[in-house]
Structure formats: structure tokens, C-alpha cells
Amino acid sequence: MDSEFVRLLKSLRVWEAGVTELRPFDPTTAPATPLPLFTTWFAEAVAAGQPEPHTMSLATADEEGLPDVRTVMLHGADPAGWSFATHVNSGKGRQLTARPYAALGFYWPVQGRQIRVRGPVTPAPSQDAQADLHARSTGALAAALTGRQSEVLGSLEELARESESAWERAQHEPDTPVPTWTLYHLQPETVEFFQGDAQRRHVRLNYRRTEGGWAKELLWP
């Protein structure tokens, strides 16, 4: 391994004083279900200045069961589930069609917190997906209209042409439907909350869905 890379890697620190505030977390005060705690932690991450707290890792598996992961945007978290969107014919859309199960990962280093969510994924009705898309920015609509996500691209010039045309259409026809755009809901079976600790006594609280409701359990760090 390149020595410069190793030195750079070893020079890095996590949870630097003055940058990260590791808050105490008493799991005995946690609510009976995970959604209220998620929304509280999310609001605290925003208030603490965490950049892009609404981005998350989305892990799926392909037809052969091989894992895949990427960063996407959270579109909602409510009783319908944790929501995100993509084209149904994109790489992740095809994987979710073949294996409708996924995992989400949030990391908010400004407070040393992680949240992991796992469960089955279902597509929302088409009208909900279109409403979700048209509530977003012109750029989001233009990107959706450009389409062909994850397909092989011939050149950056081709992308520029298609993107310019999509932007023009999005600006002049803001209600244009994009049939492949799909809103997905992940219904959690497990939700884990991780609070970092300076002494490495990290607190991990796991919610697990059972037939009788949510069970809470602590996990070893």
C-alpha cells in the first residue's frame, strides 16, 4: 500500500473535539417505537449543523444475491415507512423488483450517531410517486426526465444534450409525468440507534418488530 496514503489515513481522526458533540443517551427513556426517536435524532442533527442529514446509504441485492450500496436522499419517514425514490428501471429499481428488501444507513458524525434500518420494500401508488417528484425542484424533474439511469453513457456531450433538453422541458412543462419514477417505502423490521461514546462504550439500542409489537434490546458495541 502506498506509504503516503497510509500516512494520510493514519492522520485522520473521528469525533474531533470542537467538531463533534457526543451526547449522553439513556436507552431507558427511549420511546416504545422507533419512528419518534428517529424524528427526534433527525431534528437534533439538523439543529447541530450536520451537513446533508437527509442523505443515507441504501443497500440492496441483485438477482444473484450480491450486495450493492449507494447514497440516496430520504423522502420521508412516517407510518408508511422510510421512503426514497428512483426509476423502476434503474439499477437499484431492478434489484428491488428482484429482491424487495433493503437496508438504510444514516451517519451523523457531528453527534457521533448512526441509525440502521432494515426491512421489506414496496412501491407506492403511481400518483404518490408523481406527486413526490413534482413537489421537488426543477432540477430534480430535469434529472428524472433525462432518464436511462445506470445505462452505459456514450459521452459527456450526449449527457449535456439530453440534460439541456430535459431542463427546458422541466421549466416549460413542470407537471410532465415520468412513468418510470417510483416512490418506495421500506417498512422496518429492525431499527438500530448507535450513540458514540468517547470511552468507546458506545450505546446501541435495537428495535425489533415482533408479532406483539416492537421489542427493544441493547447490543454490545
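Residues numbered from 1 in each chain as written. Predicted model: local features only at pLDDT ≥ 70, side-chain atom pairs only at ≥ 80, totals over all residues. Heavy atoms only, no water.

1. Observations regarding the pairing of strand S7 (residues 181–186)
Counting buried residues along S7, 6 of its 6 residues qualify, which places the element largely inside the surrounding structure. Where burial is concerned, the two faces of S7 agree: the one with Trp 181, Leu 183 and His 185 and the one with Thr 182, Tyr 184 and Leu 186 are both buried. Sheet topology places strand S4 (residues 81–87) next to S7; 6 bridges connect them, and they run antiparallel. Of the residues in S7, the one forming a bridge with His 87 is Trp 181. With 3 bridges joining them, strand S6 (residues 113–123) and S7 adopt antiparallel strand pairing. Bridge assignment links Pro 123 to a residue of S7, and that residue is Tyr 184. (Buried < 20%, exposed > 50% of the residue type's maximum accessible area, 1.4 Å probe, protein only. Helix = DSSP H or I, 4+ residues; strand = E, 2+ residues; numbered from the N terminus. Pairing = 2+ DSSP bridges.)

2. Some words on the side chain of Thr 146
Tracing the chain through its elements places Thr 146 in helix H5 (residues 138–146). Judged by relative accessible area, which is 16%, Thr 146 ranks as buried. At a separation of 2.8 Å, a polar atom in the side chain of Thr 146 contacts the main-chain carbonyl oxygen of Ala 142. If sequence neighbours within four positions are ignored, Thr 146 has contacts with Leu 159, Glu 162, Ser 163 and Ala 166. (Polar contact = N/O pair within 3.5 Å; in protein donor to acceptor, adjacent residues only side chain to side chain. Contact = heavy atoms within 4.5 Å.)

3. Overview of the environment of Gln 149
Here Gln 149 is to be found in the loop between H5 and helix H6 (156–172). Gln 149 gets classed as partly exposed once you look at its relative accessible area, which sits at 34%. Sequence separation of Gln 149 and Asn 89 is 60 residues, and the distance between their C-alpha atoms is 7.8 Å. Once residues within four sequence positions are removed from consideration, Gln 149 is found in contact with Thr 86, His 87, Asn 89, Ser 90, Gly 91 and Lys 92.

4. Here's the deal with the nonpolar core
One finds Phe 106 and Ile 115 to be the most contacted residues of the largest nonpolar core, which totals 26 residues. Broken down by secondary-structure element, the contributors of at least two residues to this core are helix H2 (34–47), strand S1 (55–61), S4, strand S5 (101–108), S6, S7, strand S8 (190–195) and strand S9 (203–210). If we ignore the near neighbours within four places in the chain, the residues touching Phe 106 are Phe 38, Pro 53, Thr 55, Met 56, Leu 74, Trp 82, Arg 113, Gln 114, Ile 115 and Val 117. With 12 residues, the next largest nonpolar core counts Ala 85, Ala 144, Trp 181 and Leu 183 among its residues. (Core = buried A, V, L, I, M, F, W, Y, C linked by side-chain atoms within 4.5 Å.)

5. Digging into the packing of aromatic side chains
All chains considered together, the criterion is met by 11 aromatic pairs. Directly above the aromatic system of Trp 41 lies the positively charged group of Arg 113, at a separation of 4.0 Å from the ring centroid. (Phe/Tyr/Trp six-rings, centres within 6.5 Å; stacked < 30°, edge-to-face > 60°. Lys NZ or Arg CZ within 6 Å of the ring centre and 35° of its normal.)

6. Digging into the pattern of salt bridges
Overall, the coordinates contain 11 salt bridges when judged by the stated rule. Between Arg 148 and Glu 158 there is a salt bridge; the shortest N-O distance is 3.6 Å. Of the two residues, Arg 148 is situated in the loop between H5 and H6 and Glu 158 in helix H6; the sequence distance between them amounts to 10 residues. Glu 158 sits in the partly exposed class, given a relative accessible area of 22%. Across the pair Arg 204 and Glu 192 runs a salt bridge whose closest N-O atoms are separated by 2.7 Å. Of this pair, Arg 204 sits in strand S9 while Glu 192 sits in strand S8, placing them 12 residues apart in sequence. Here the residues in one salt-bridge network are Glu 21, Arg 23, Glu 44 and Arg 113, joined through shared partners. (Salt bridge = Lys/Arg side-chain N within 4 Å of Asp/Glu carboxyl O.)

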